[in-house]
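# Residue-level structure breakdown
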Amino acid sequence: MPVGLFRVCLLVITAIVNHPLFFPKENGTVPENTEEIIQKMKEREESLRLEQLRLEQEIADQEATQKALEKAAVVVEESKEEKIRWDMWTALSMVIFLLIELWRQDFQEGNWQDIGGEEDDMAVLGKAFKGVAFPDKAVLASFYEKRILGTTGDMARMREMVEGFADDLLEALRSVCNRDADMEVEDCVGVGSMYENWRVRKPFVCDLIVPFAPPEPYCFRCQTWCSGDSFPPDEQGYGTIKVCRADEDVTGCICDKTKLGEDMLCLLHSQVSSTRPSSEMEDLLCFKNTQYLDADQVMKWFQIAVTKAWNRISHKYEFDLSFSLLDSPGALKIKFKSGKSIAFNLTPVVQYENSDVYFISHFPRSSLAADIPSSTHWFLTFAVYERRFIQLVSKTLPANACHVSCLQILSFLHGKQCSLTGPSGLTNYHLKTVLLHLLQARPSQDWAPEKLEARLQDMLKFLEKCLHEKKLYHFFIGNGKVPAELGFPIIFQRAEPLNLFRPFVLRRDIYRKMVDTFHEMLRNMSALINEYTVHIPLAHTNGIRKE
């Protein structure tokens, strides 16, 4: 009973507490709070969604950046490996190049001229000789005796007459020059085919070089392409001549090589001694505003000096003297009253140090001077050593050796061909260079007179080989086998060989003309020789013969 009553009382109390009217305000705001809460929850959800998107974007950006860094690292690693491989290939290529260069130099020093002693080398040449009727020994002997042998006496008489007159003219030139201001002229030296006894084409022209030096206290300082100075490839074979005071050390101070500021002075050289008036250097025949000897200025000076000298001695001679070429310093012609004339060349040159190598200003009747870089560049001539080498070798050859005869016949054929088809880049100097190479390469007994036919074929085949390869090396430059008796300067022996055919490599029109002229000469050889040869029975003409 009491328990039941307690439960009834608990029930009543609970009903009273939970009655809706007991807390009217709180129960009335429930619906409004619910909507606000829902709205805030939606806003919170939206902000969380946006934050999630931002975080996802940042994560994606970080992943992209990480991938880019990894890719860059891979590229750097690959480039390092590629560089290492490239450096290895570069080093290997340089080693191979150096080995080839060393081999080439050894080959040039030992074998670059040994072409005459190998018959196998000659056997692979001569493609242009196929179908060509080569004159035999009897025809060549008759041709040489009739057409060439008789000119030797004429050359000797002409040399004697020209040398005597040239000495007199130069002596008069010295007398009209101011010894204190003008260039000092030395005795002339005969060079070229007239003094090597192989010229055959008329008119005969004597070539004389005249060394000259500056007045005291000046001197010439010569610079060549192989003396350590930088010269472009197209200037190989040339040099420059600087006019300096004899007491001036051009290599000991940099004030002459560097432009100093206006407020700077050289402690070794005063301003008076280091700067010379422009007129003074021009009086010394230098190029404008430089100390380098100008070939054009030298030509004008020499022509004026020769004219004054002739006016002084002209009364002694019964002939007239005139310049045959105005673009050459001393291309002179003697005209006799009978109408005959004699031409000769007096060319001023500068001696290279104490040797017989000379800087020459102009090349008369030659295309060598056509491409001179400037008037301050002088070509080097080795004509004196060439003459001495031929004389030296001739002493070791058999009596009446055929070396000069070969050059004379080849020069005659080339000249005749050029008169028919016009001049070409091939010159008599190229032909003489071929002979010099063969004289050094072949033993002395191979130049016996009865071997004229074989040696002439050797010269033609060697020339054909050079034309095919576009390479004909200068005989002296880079040739370590020059006889010591000549006293040839060692600096030129150690230089790189000079290719005389290099100008024709890029000038294909001239090269094509040169090759065509050579082939035409081969085809017309028999006709040209027979034109000046007495009749030889057909039994003696059997084409090409070999030893």
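Please refer to the structure higher up on the page.
Let me begin by describing the structure that accompanies this report. Quick caveat: nothing in here was measured; it's all calculated off a predicted structure.

All right, on to the overall build of the protein then. When helices and strands are counted, the protein shows 17 helices and ten strands. Residue burial in the protein is summarised as follows: out of 547 residues, 41% are buried. Put simply, of all contacts in the protein between residues at least 6 apart along the chain, 71% involve residues at least 24 apart. A total accessible area of about 31900 Å² is found for the protein, and carbon and sulfur atoms account for 57% of it.

So, about unusual backbone geometry. Going from Lys-202 to Pro-203, the amide bond is cis rather than trans, its omega being 5°. Structurally, Pro-203 can be placed in the loop between helix H7 (193–196) and strand E3 (205–213). The linkage connecting Glu-216 with the following residue, Pro-217, adopts the cis geometry, with an omega of 10°. With respect to the helices and strands, the residue Pro-217 is situated in the loop between E3 and strand E4 (218–224). A positive phi angle, near 55°, is found at Asn-400, a position not held by glycine.

So, on to the packing of aromatic side chains. All chains considered together, the criterion is met by 27 aromatic pairs. Judged by centre distance (5.9 Å) and plane angle (85°), the ring pair of Phe-212 and Phe-220 falls under edge-to-face. Accessibility classification places Phe-212 together with Phe-220 in one group, the buried group. We note Arg-245 situated over the ring of Tyr-218; from NZ or CZ to the ring centre the distance is 5.8 Å.

Within the structure shown, the criterion is met by 17 salt bridges. Here Arg-174 ties to Glu-171 by a salt bridge, and the two come within 3.1 Å at their closest N and O atoms. Taken together, the positions of Arg-174 and Glu-171, both in helix H6 (residues 151–176) and three residues apart, correspond to about one turn of that helix. By relative accessible area, which is 17% here, Arg-174 ends up buried.

When the terminal C-alpha atoms of helix H10 (residues 295–313) are compared, their 27 Å separation across 19 residues agrees well with the 27 Å that a helix rising 1.5 Å per residue should span. Residues Ala-295, Val-298, Met-299, Trp-301, Phe-302, Gln-303, Ala-305, Val-306, Ala-309, Trp-310 and Ile-313 constitute the buried set of H10. The residue sitting at the N-terminus of H10 and contributing the capping side-chain oxygen is Asp-294; that oxygen lies 3.1 Å from the backbone nitrogen of Asp-296.

Scoring rules and cut-offs
Residues numbered from 1 in each chain as written. Predicted model: local features only at pLDDT ≥ 70, side-chain atom pairs only at ≥ 80, totals over all residues. Heavy atoms only, no water. Helix = DSSP H or I, 4+ residues; strand = E, 2+ residues; numbered from the N terminus. Buried < 20%, exposed > 50% of the residue type's maximum accessible area, 1.4 Å probe, protein only. Contact = heavy atoms within 4.5 Å. Areas by Shrake-Rupley, 256 points an atom, 1.4 Å probe, with all protein chains shown as cover. Phe/Tyr/Trp six-rings, centres within 6.5 Å; stacked < 30°, edge-to-face > 60°. Lys NZ or Arg CZ within 6 Å of the ring centre and 35° of its normal. Salt bridge = Lys/Arg side-chain N within 4 Å of Asp/Glu carboxyl O. Expected span 1.5 Å × (residues − 1). Polar contact = N/O pair within 3.5 Å; in protein donor to acceptor, adjacent residues only side chain to side chain.

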